[in-house]
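So you can see what is in the structure, the chains are spelled out below.
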Amino acid sequence: DIDNISTVVYDMDKSSLSREFVNQFHESGYFTVRSYVEGYTAIDPYLESGEARVALVIPGDFSERIRKNENAPVEVIIDGGDSNTAKIAQGYTTAIAETFSHRIRGKTLTPLVSSRSRVWYNTELKSRNFIIPGLIAIIMSVIIALLSALTIAREWDRGTMEQLIATPVKAPELILGKLIPYFLIGFADTILSIIISTLLFDVPLRGSITLLLVLSGIFLFGGLSFGILVSIAGRTQLVASQAALITSFLPAFMLSGCIFSISNMPKPLQIVTYFMPARYFVSILKGIFLKGSSLKVLWLEATLLSLFAILVFILANRKFRKRVE
């Protein structure tokens, strides 16, 4: 079920009837009014950043039309980035408008209020436009989980780690040497995934390809560093590969918002998702692909991914030094 859909309201009428109509949305339990705005331009930042999924626009003659027993059209703007949520929200708004009309008239007639929905970012509500950008994050998570998790552990299993320890190569140099080849492989796979998404599946890429590649590189670096950390801690290839799948791939698949909407998860799980870098990368992918979002909108996700990458790389260096000792 989908409830608590974040909503912004642009009420040009500002009458008791318009307020009552907005309260219908709030009281339904399906919508949560986040803010009231003044003007169409103020709606864009909410939908683009994901702070709101729905915008309700009430015209200035709303109450006057109702008092004259005329049809009062209400505009509903829906973020179509998540096609499933958009379809359900569209159905909710129609039902609420009809319920409000029947309550005002006291009997079932032609509705006084009609909601006319406009879907942004994914006008045709195609599920592939919503799913495929998120799948890029899952594909990358699989690559970095399976490849980098075996790097250090393989050296222990083969008995070659002692030779590496005996060399003058420092821990950061060794880790970077292990990381760079897999980073290049992962980056090439990322480019291939983007090409297939846009050319084969016809997913729109409305944002900057340069920004997408830069942020993808940050996600790759952090994920590979985490895989190497798991490899160092796991010691054996079997343990490291299993640990990598559990800590990287499964959270990316279940808790990133790619398949299941985070807002509909239980509260404890929603808290857990804040610690999953894939959550922020999925938001970046959908923002750049569908909304054409810039760094001005995605700065928080980019910052958190960068902090995660730096922190995990530092932890991997410290953990490896402990193993060497």
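(A) Focus on the overall build of the protein. For the protein, the helix and strand inventory stands at 13 helices and five strands. Projected onto the principal axes, the alpha-carbon positions of the protein cover approximately 90 × 35 × 30 Å. Here the protein holds 325 residues, and the buried ones make up 48% of them. Summed over all atoms, the accessible surface of the protein reaches about 15,700 Å², with 61% contributed by carbon and sulfur. Charge-centre separation for the protein: the mean point of 31 positive side chains lies 5 Å from the mean point of 26 negative side chains.

(B) The arrangement of the pattern of salt bridges in detail. Across all of its chains, the model carries six salt bridges by this definition. One salt bridge connects Lys-14 with Glu-38, and the closest N-O pair in it is separated by 3.1 Å. Here the residue Lys-14 occupies a position in the loop between strand S1 (5-11) and helix H1 (16-28), and Glu-38 occupies one in the loop between strand S2 (31-36) and helix H2 (43-49), the gap between them amounting to 24 residues. Take Lys-14 and Glu-38: they sit in the same class, and that class is exposed. One network of salt bridges, in which partners are shared, links Arg-53, Asp-79 and Lys-291.

(C) Spotlight on the pairing of strand S3 (residues 54-58). The buried fraction of S3 amounts to five of the five residues, a majority that puts the element mostly inside the structure. Going residue by residue along S3, you find Val-54, Leu-56 and Ile-58 tucked away on one face and Ala-55 and Val-57 tucked away on the opposite face as well. Pairing between S1 and S3: five bridges, direction parallel. Note on S3: the bridge partner recorded for Thr-7 is Val-54. The sheet contact formed by S3 and strand S4 (residues 72-79) spans four bridges and is antiparallel. Across the sheet, Leu-56 pairs through a bridge with Val-76, a residue of S4.

(D) Just the nonpolar core, in detail. Ranked by internal contacts, the top residues of the largest apolar core, which has 52 residues, are Ile-43, Phe-289 and Phe-320. Counting residues per element, this core draws most heavily on helix H9 (residues 209-234), at nine residues. Among residues more than four places away in sequence, those in contact with Ile-43 are Val-8, Tyr-10, Val-37, Ala-55, Val-57 and Ile-77. One finds Ile-5, Phe-21, Phe-31 and Ala-72 within the second-largest nonpolar core, a separate group that totals 23 residues.

(E) Fine view of unusual backbone geometry. With phi around 55 degrees, Lys-14 is a residue other than glycine that occupies positive phi space. Looking at Lys-14, the relative accessible area reads 52%, which means it is exposed.

(F) Up close: helix H10 (residues 237-254). The end-to-end C-alpha separation of H10 is 25 Å, in line with the 26 Å expected for 18 residues at 1.5 Å each. Taken as a whole, H10 carries its principal kink of about 30 degrees at Leu-245.

(G) Expanded view of the layout of surface pockets. Volume-wise, the largest pocket comes out at about 1,200 Å³. Taken together, 39 residues line the largest pocket, and the ones lying closest to its centre are Ser-49, Gly-50, Arg-53, Arg-279 and Ser-283. Only S1, H2, helix H11 (267-273), helix H12 (277-291) and helix H13 (295-324) provide two or more residues apiece to the lining of the largest pocket. Split by residue class, the lining of the largest pocket holds 12 nonpolar, 15 polar and 12 charged.

(H) How the structure looks around the packing of aromatic side chains. Overall, the coordinates contain 12 aromatic pairs when judged by the stated rule. Ring geometry for Phe-31 and Tyr-92: centres 6.3 Å apart, planes at 80 degrees, overall edge-to-face. Remark: Tyr-92 occurs in helix H4 (residues 83-105) and Phe-31 occurs in strand S2; sequence separation between them is 61 residues. Taken individually, Phe-31 and Tyr-92 each receive the classification buried, so the pair is uniform in this respect. Look at Phe-219 and Phe-281: their rings are 4.3 Å apart centre to centre, the planes differ by 5 degrees, and that puts the pair in the stacked class. Within this pair, whereas Phe-219 is found in helix H9, its partner Phe-281 is found in helix H12, the two being separated by 62 residues in sequence. Comparing Phe-219 with Phe-281, the two get one shared label, buried. The structure contains a cluster of three or more aromatic residues connected by ring pairs, namely Phe-21, Phe-25, Tyr-30, Phe-31, Phe-62, Tyr-92 and Phe-100. Seen from the ring of Tyr-274, Arg-279 lies directly overhead, with NZ or CZ sitting 4.3 Å from the centre.

Rules used throughout
Residues numbered from 1 in each chain as written. Predicted model: local features only at pLDDT ≥ 70, side-chain atom pairs only at ≥ 80, totals over all residues. Heavy atoms only, no water. Helix = DSSP H or I, 4+ residues; strand = E, 2+ residues; numbered from the N terminus. Buried < 20%, exposed > 50% of the residue type's maximum accessible area, 1.4 Å probe, protein only. Areas by Shrake-Rupley, 256 points an atom, 1.4 Å probe, with all protein chains shown as cover. Lys, Arg positive; Asp, Glu negative; His and termini not counted. Charge placed at Lys NZ, Arg CZ, Asp CG, Glu CD. Salt bridge = Lys/Arg side-chain N within 4 Å of Asp/Glu carboxyl O. Pairing = 2+ DSSP bridges. Core = buried A, V, L, I, M, F, W, Y, C linked by side-chain atoms within 4.5 Å. Contact = heavy atoms within 4.5 Å. Expected span 1.5 Å × (residues − 1). Bend = angle between axes of the 7 residues up to and from the residue. 1 Å grid on protein atoms, 1.4 Å probe; cavity = no way out; pocket = protein on both sides within 12 Å on 5 of 7 lines; lining within 4 Å. Points joined across faces, edges and corners; volume = space filled by probe spheres on them. Nonpolar A, V, L, I, M, F, W, Y, C, P; charged D, E, K, R; others polar. Phe/Tyr/Trp six-rings, centres within 6.5 Å; stacked < 30°, edge-to-face > 60°. Lys NZ or Arg CZ within 6 Å of the ring centre and 35° of its normal.

That's the geometry; what it means functionally is another story.
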